[in-house]
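# Structure assessment
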Amino acid sequence: MTELLDVLKETALDTGFLDAFKTSASRVALSRGALDRRLILCLYGWARMSA
């Protein structure tokens, strides 16, 4: 069985949907890769909580 985290990661790589998320801050302290990893984990946690 495919895990939800794997599905999110592969979808992000295939579609680039993480580029649609923009920061509201005036400066960025994290690299784009670190920000993407955190966003995937947040989406994973949100999906697991609502299931």
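None of the values given here were measured: they were computed from a predicted structure. (Residues numbered from 1 in each chain as written. Predicted model: local features only at pLDDT ≥ 70, side-chain atom pairs only at ≥ 80, totals over all residues. Heavy atoms only, no water.)

### Description of the packing of aromatic side chains
For any two aromatic rings, the description comes down to two numbers: the centre-to-centre distance and the angle of the planes. This model, assessed by the stated rule, comprises 1 aromatic pair. For the ring pair phenylalanine 17 and phenylalanine 21, a centre distance of 6.4 Å and an interplane angle of 70° mean the geometry is edge-to-face. (Phe/Tyr/Trp six-rings, centres within 6.5 Å; stacked < 30°, edge-to-face > 60°.)

### Re the packing of helix α1 (residues 4-15) against helix α2 (residues 32-50)
Interaxial distance between α1 and α2 falls to 10 Å at its minimum, and their mutual angle equals 135°. Accordingly, the angle class assigned to the pair α1 and α2 is oblique. Crossing handedness for the pair α1 and α2: right-handed. The residues of α2 that touch α1, namely those facing Leu4, Leu5, Leu8, Lys9 and Ala12, are Ile40, Leu41, Leu43, Tyr44, Ala47 and Arg48. In the contact of α1 with α2, the residues fall into 9 nonpolar, no polar and 2 charged. (Axes fitted to C-alpha atoms, helices over the stretch in contact; angles between N-to-C directions. Helix = DSSP H or I, 4+ residues; strand = E, 2+ residues; numbered from the N terminus. Parallel < 35°, antiparallel > 145°, perpendicular 65-115°, else oblique. Left-handed = near helix turned anticlockwise from the far one by under 90°. Contact = heavy atoms within 4.5 Å. Nonpolar A, V, L, I, M, F, W, Y, C, P; charged D, E, K, R; others polar.)

That is the geometry; function is a separate question.
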